[in-house]
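Inside the fold
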Amino acid sequence: MSIAADAKEMQGEIARFRHELHQEPEIGLDLPRTQEKVLKALDGLPYEITLGESTTSVTAVLRGGAAHASAEKPVVLLRADMDGLPVQERTGVEFSSKIDGAMHACGHDLHTSMLAGAATLLAERRHLLAGDVVLMFQPGEEGFDGAGHMIREGVLDAAGRRVDAAYGMHVFSSLEPHGQFCTKSGVMMSASDGLFVTVLGAGGHGSAPHAAKDPVTAAAEMVTALQVMVTRQFNMFDPVVLTVGLLQAGTKRNVIPESARFEATIRTFSESSREKMMTAIPQLLKGIASAHGVEVDVDYRGEYPLTITDVDETNTAENVIAGMFGDSRLSRWATPMSGSEDFSRVLAEVPGTFVGLSAVPKGVDHATSPFNHSPYATFDDGVLSDGAALYAELATSRIAALAGASN
C-alpha cells in the first residue's frame, strides 16, 4: 500500500492521540505529560531516542536499512512543535482542554500527532530507506525558542552528521479552505522582536500636573508616535508591523503615577528593516522622553529571525504534494504572512522548507473562521492522515533523491 493509503488506515489512531494531547496542553519548555505521550507513541518502534537536557524535547533517529554507495548516508529532519498557549478554550469540542487557562490554540497537537503517525509509517518502510530520518519533537515554540535549545543540544547532528534537508509543517484554522497545503519560496514568515518600554516620571496629584512629571502622557505620545514612524520612515513595499498589546499605568484617576509601561510586538520582512527598527525606535522614544522631561528605559529584544525557505526544497515539497494529493490542493503564496516561527532557526542552518496545511472544518468559511491563538480556533481531525503521509513522503522521497544523486 502507498504511504497515503496506510496513513488513511491510521486516521482513527492519529486522531485519538491528538485528542489526548489536546486535553492536556502544556506551556513553555517543560512539557512532561506531552513528552510521556510522545515516548509512548514511539515505544516499540526502531528509533534511537534522545531526551532534551534544557527542555522536555524528544529527538528520535531512524536508521535506514537499504544499501547506500556512499559512506555518508543522507539525513532528513522532520519537525513538530508540542506546546500550547495560555488561552482559555471556548471551542466546545468534546475533547476540549481539561487544563484551566491552557489550550492547544495553535494546532501543535495536530503537528505532534501527525509526526507520531509518520514515525510509524517510516518505521514500516525502514528497509527501503537508504538514509536516516531525524524526528524533532520540540517544546517551547510559542515565545520560548525551543528550536534554539534543541539546535544547541545537537538535534541537527543527531544522526551523526548534519542533516541534508529539514521540513516543518503548520496547520491553520483560517486563511485557506479545508485540506489546502500552502508553500512559499524565500521569505515565508516575518521576523519577530519584542519591545519593552518603561517611562519614569515623578508622581503627584492629578489636579497639579505642573508639580509632577507625568509618565502617562509621555507614554501615550510614544504609542501613537511609533505608528507614525512606521508610516514615515519605512518603505510601504517592505512593510513592518508594530502592535502595542500591553499598556499599564497608575492606580487611581486623580493620582499621577511614578511610571508607565508598555509592550509591543514587532514584525519585519527584511533584515534591513529589522536593523533599522532596532535603532529608530530607541531614538524616537528617547527624544519624546527628553521633550517631556521624563526618563525612558527601552528594552528591544530580538526574538525569532525571518523564516526563509530554500527554493529547491520548496519545489521538492510542492512536487510531493502535487503528486500525492493533486495540484488543486496546493496554494503557492505570493506574499509572506506576518506570523513568526522558531523553525526559522533550523532553516537558517540547513536547507529546508515550511508547509502550511488548512485544518478549517469542512463547511466553515475560511475567510471568517477564528484564526490560530483564538479561544474559538477549531482544527479539523480530517487533515491528520494527510499531514502524517506528507511528513513520511517528504522524508522517503528526499532520501531517495539524495541517495540517487550520490551513487
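Position labels on residues start from 1 in each chain and follow its written sequence. Where totals are concerned, whole chains, interfaces and linings use all residues; where local detail is concerned, this predicted model gives features only for residues with pLDDT of at least 70, and gives and counts side-chain atom pairs only at 80 or more. Remark: hydrogens and water are excluded; side-chain values derive from all non-hydrogen atoms of the structure.

This next bit is on the sheet that holds strand β2 (residues 58-63). Taken together, the eight strands give an open sheet; going across it, the order is β1-β2-β4-β3-β5-β16-β6-β15, and neighbouring strands pair in mixed fashion. Each edge of the sheet is formed by a strand with only one pairing partner; in this case those strands are β1 (47-51) and β15 (330-332). Between one strand and the next, the sheet's axes are offset by a mean angle of 20°, whatever the strand orientation. When DSSP finds two or more bridges between two strands, those strands count as paired. What counts as a helix is a DSSP run of H or I of at least four residues, what counts as a strand is a run of E of at least two, and both are numbered from the N terminus. Looking at chain direction, strand β6 (residues 181-183) and strand β16 (residues 352-358) are connected through two bridges and run antiparallel. Axes here refer to lines fitted to C-alpha atoms; in helices the fit is confined to the stretch in contact. Angles between the N-to-C directions go from 0 to 180 degrees.

Across the sheet, which stays open at both edges, the four strands sit in the order β10-β12-β8-β13 with antiparallel pairing between neighbours. Sheet topology places β10 (240-249) and β13 (295-304) at the edges, where each strand pairs with a single neighbour. If you compare each strand with its neighbour and ignore which way they point, the axes differ by 15° on average. When strand β8 (residues 191-200) meets β13, the two strands line up antiparallel, connected through nine bridges. Its bridge partner being in β13, valine 199 is matched across the sheet by valine 296. Two residues form a contact once any of their heavy atoms are found within 4.5 Å. Its contacts with the sheet put helix α6 (residues 215-233) on β8, β10, β12 (259-268) and β13, and the angle it makes with β12 is roughly 15°. Together, β8, β10, β12 and β13 form the strand contacts of helix α7 (residues 271-292), whose direction differs from that of β13 by roughly 165°.

This brings us to the domain arrangement of the protein. Parsing the protein into structural domains produces domain 1 (3-189 + 306-406) and domain 2 (191-304). Look at where the C-alpha atoms of domain 1 and domain 2 centre, and you get two points 37 Å apart. Listed per partner, the contact involves 18 residues of domain 1 and nine residues of domain 2. Once two parts are joined, some of their accessible surface, as seen by a 1.4 Å probe, is lost; buried area is that loss totalled over both. Considering only the surface of domain 1 that becomes buried against domain 2, Leu306, Ser338 and Ser340 emerge as the three largest contributors, covering 59% of it. Salt bridge, as used here, is a side-chain nitrogen of Lys or Arg placed within 4 Å of a carboxyl oxygen of Asp or Glu. At the junction of domain 1 with domain 2, the criterion picks out zero salt bridges. Polar contact is the term for a pair of N or O atoms within 3.5 Å; when the atoms are in protein, one must be able to donate a hydrogen and the other to accept it, and sequence-neighboring residues count only if both atoms are side-chain atoms. At the boundary of domain 1 with domain 2, the tally comes to seven residue pairs in polar contact (both at pLDDT 80 or more). Within the residue set of the side of domain 1 that touches domain 2, elements represented by two or more residues are β7 (186-189) and α9 (343-349). All residues other than Ala, Val, Leu, Ile, Met, Phe, Trp, Tyr, Cys, Pro, Asp, Glu, Lys and Arg, Gly among them, are scored as polar; the first ten of these are nonpolar and the last four charged. Its residues placed into classes, the side of domain 1 that touches domain 2 shows six nonpolar, six polar and six charged. Source of the domain bounds: an automatic or database domain assignment.

Here the UniProt-annotated "domain: Peptidase M20 dimerisation" (unreviewed entry) positions come out as residues 195-287. In residues 195-287, helix accounts for 39% and strand for 32%; the two terminal C-alpha atoms are 17 Å from one another. UniProt positions are given in the numbering used here, feature names are shortened, and annotations may be inferred rather than shown by experiment.

Take the UniProt feature "binding site: Mn(2+)" (unreviewed entry) in the protein next. Under the UniProt annotation, the feature "binding site: Mn(2+)" (unreviewed entry) is placed at Cys106, His108, Glu142, His170 and His373. These annotated residues cover 268 residues of sequence, but their C-alpha atoms sit close together, with the largest distance between any two at 13.1 Å. Within the secondary structure, histidine 170 is located in strand β5 (residues 165-172). Leave out the neighbours within four places in its chain, and histidine 170 touches Cys106, His108, His111, Glu341, Phe354, Val355, Gly356, Leu357 and Asn372. Inspection of the secondary structure assignment puts histidine 373 in the loop between β16 and α10 (384-406). Excluding residues within four positions of it along the chain, histidine 373 makes contact with Leu85, Val87, Ala105, Cys106 and Glu142. A polar atom in the side chain of histidine 373 sits 3.3 Å from the side chain of glutamate 142.

Once that is clear, we can look at the pattern of salt bridges. Across all of its chains, the model carries 26 salt bridges by this definition. One salt bridge in this structure joins glutamate 349 and arginine 162, with 3.5 Å as the shortest N-O distance. Here glutamate 349, found in helix α9, pairs with arginine 162, found in the loop between α5 (146-152) and β5; they are 187 residues apart in sequence, far enough to count as distant. The class for glutamate 349 is partly exposed, based on a relative accessible area of 46%. Summary of the burial criterion: residues with accessible area below 20% of their type's maximum are buried, those above 50% are exposed, and those between are partly exposed, where the area comes from a 1.4 Å probe applied to protein chains only. The class for arginine 162 is partly exposed, based on a relative accessible area of 36%.

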